[in-house]
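Spelled out, the chains give:
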Amino acid sequence: MAARIKEKLFRKRETWEQNLFVLWFGTFMAGIGFSLVMPFMSLYIDTLGNYSTAQLNFWSGLTFSSTFLVTTLISPWWGKLADQKGRKLMLLRASLGMAIVISLMGCVTSVYQLVALRLLQGIFSGYISNATALVATGTPKEKSGQVLGTLATGSVTGTLLGPLLGGISASAFGYRPTFFITGIILFFVFLLSLFFVREKRKHGFCQTDFQRLEISTRRHRYVRHNDDHPSIQQFH
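So, here's what we can say about the structure.

Criteria and thresholds
Residues numbered from 1 in each chain as written. Predicted model: local features only at pLDDT ≥ 70, side-chain atom pairs only at ≥ 80, totals over all residues. Heavy atoms only, no water. Phe/Tyr/Trp six-rings, centres within 6.5 Å; stacked < 30°, edge-to-face > 60°. Helix = DSSP H or I, 4+ residues; strand = E, 2+ residues; numbered from the N terminus. Buried < 20%, exposed > 50% of the residue type's maximum accessible area, 1.4 Å probe, protein only. Axes fitted to C-alpha atoms, helices over the stretch in contact; angles between N-to-C directions. Parallel < 35°, antiparallel > 145°, perpendicular 65-115°, else oblique. Left-handed = near helix turned anticlockwise from the far one by under 90°. Contact = heavy atoms within 4.5 Å. Nonpolar A, V, L, I, M, F, W, Y, C, P; charged D, E, K, R; others polar. Patch = residues over 30% accessible without salt bridge, like charges linked within 9 Å, V, L, I, M, F, W, Y side chains within 5 Å. Areas by Shrake-Rupley, 256 points an atom, 1.4 Å probe, with all protein chains shown as cover. Salt bridge = Lys/Arg side-chain N within 4 Å of Asp/Glu carboxyl O. Polar contact = N/O pair within 3.5 Å; in protein donor to acceptor, adjacent residues only side chain to side chain. Expected span 1.5 Å × (residues − 1). Core = buried A, V, L, I, M, F, W, Y, C linked by side-chain atoms within 4.5 Å.

**Side note on the packing of aromatic side chains**
Scanning the model with the defined rule gives 11 aromatic pairs in all. Here the aromatic rings of Tyr-44 and Tyr-175 are separated by 6.2 Å at their centres, their planes lie at 70°, and the arrangement is edge-to-face. With Tyr-44 in helix H3 (residues 41-46) and Tyr-175 in helix H9 (residues 175-196), the pair connects residues that are 131 residues apart, well separated along the chain. By relative accessible area, Tyr-44 is classed as buried at 1%. Three or more aromatic residues joined by ring pairs make a cluster, and in this case those are Phe-40, Tyr-44, Tyr-175 and Phe-179.

**Focus on the packing of helix H5 (residues 87-105) against H9**
One can describe the packing of H5 onto H9 by two numbers: an axis separation of 7 Å at closest approach and a directional angle of 165°. Between H5 and H9, the angle is such that the two are roughly antiparallel. The way H5 lies across H9 gives a crossing that is left-handed. Counted together, Lys-88, Leu-92, Ser-95, Leu-96, Met-98, Ala-99, Ile-102, Ser-103 and Met-105 of H5 and Phe-179, Phe-180, Thr-182, Gly-183, Ile-184, Leu-186, Phe-187, Val-189, Phe-190, Ser-193 and Leu-194 of H9 form the full contact between these two elements. Here the residues of the contact of H5 with H9 are counted per class, giving 14 nonpolar, 5 polar and 1 charged.

**A short note on the environment of Phe-40**
Relative to the assigned elements, Phe-40 resides in the loop between helix H2 (15-35) and H3. The class of Phe-40 is buried, set by a relative accessible area of 2%. When the C-alpha positions of Phe-40 and Pro-163 are compared, they lie 8.8 Å apart, and in sequence the two are 123 residues distant.

**A word on a nonpolar patch on the surface**
A cluster of nonpolar side chains, contributed by Leu-161, Leu-164, Leu-165 and Ile-168, occupies part of the molecular surface with about 340 Å² of accessible area. One can find Leu-164 in helix H8 (residues 144-173).

**Remarks on the side chain of Thr-63**
Mapped onto the elements, Thr-63 comes out in helix H4 (residues 53-85). Given a relative accessible area of 0%, Thr-63 falls into the buried group. Of note is the side chain of Thr-63, whose polar atom sits 2.6 Å from the backbone oxygen of Trp-59. Not counting residues up to four positions away in its chain, the partners in contact with Thr-63 are Met-41, Ile-45, Val-111, Leu-114, Val-115 and Arg-118.

**Some details on the packing of H2 against helix H7 (residues 127-138)**
Axis angle and axis distance: for two packed helices, these are the angle between their axes and the distance between the axes, and together they describe the pair. Two numbers describe how H2 lies on H7: the axes approach to 10 Å, and their chain directions differ by 165°. The angle between H2 and H7 falls in the class roughly antiparallel. The two elements H2 and H7 cross, and the hand of that crossing is left-handed. Of H7, the residues touching H2 (which contributes Trp-16, Asn-19, Leu-23, Gly-26, Thr-27, Ala-30 and Gly-31) are Tyr-127, Ile-128, Ala-131, Leu-134, Val-135 and Gly-138. The class makeup of the residues in the contact of H2 with H7 is 8 nonpolar, 5 polar and no charged.

**A few points about H8**
Owing to its 3.6 residues per turn, the α-helix brings residues three or four apart onto one side. Compared with the 44 Å implied by 1.5 Å per residue over 30 residues, the 41 Å span of H8 between its first and last C-alpha is a close match. For H8, the complete set of buried residues consists of Val-147, Leu-151, Gly-154, Ser-155, Gly-158, Gly-162, Gly-166, Ser-169 and Ala-170. Those residues of H8 hidden inside the fold are in contact with H2, H7 and H9. Phi turns positive one or two residues past the end of H8, at Gly-174, with a value near 105°.

**Re the nonpolar core**
Leu-23, Ile-45, Leu-91, Leu-114, Tyr-127 and Phe-179 are the most contacted members of the largest nonpolar core, which totals 42 residues. Secondary structure elements with two or more residues in this core: H2, H3, H4, H5, helix H6 (111-123), H7, H8 and H9. Element by element, the count of residues in this core is highest for H2, at 9 residues. Excluding residues within four positions of it along the chain, Leu-23 makes contact with Leu-91, Tyr-127, Ala-131, Leu-134, Val-135, Leu-151 and Val-197.

**Overview of the pattern of salt bridges**
For the structure shown, the criterion picks out 1 salt bridge. The salt bridge partner of Arg-87 is Asp-83, with a shortest N-O separation of 3.0 Å. Residue class for Arg-87 comes out buried when judged on its relative accessible area of 11%. The partly exposed category is assigned to Asp-83, whose relative accessible area is 43%.

Shown next as structure tokens:
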């Protein structure tokens, strides 16, 4: 029994399995990064100046919503670029960008700087969506439902635990160190994605692109064959 468990745990993993492990942790941390500041955003902004209650409510709402507004606008463009350049490149862009931006949030001295960095965080979004696309295209069809469901738990769990961990970290270490800790973890995600995520690409095309090209070529040959031998069509 022990030998069987050991063999199952330490067996050589397929590429799609390795990607799932790494990207589950990556999407988990991305979810945390987006929801981490929810418990103390208003309190952090209050330390950046003397604001009335109305001003504090305004800046808190603007700071929090700015990330998601930019994400909504920029996501289609990142998706198009991912189709052209590869999804792993987008994973590296998103994880490194978030690591730098969230770390810089711990260094701001005004609410304007914080809003600007939150806007940048929205620009460097797309880790979760590209992780999902990369896993979906590289997983065997019979395993795709289970694998995508497992991957989805990473981002959901991170988003749910983010406020709790953010509140605990802020209470234990303070507001600014919480941003630094999150940035360090996201940089670790960048390194894991760089060295352990594998994407099957050939000469700038994804595997699905070659499958579509092959099907199109076969159809073209079939049409040409029927045009060259019209008598064959009489039997169809």
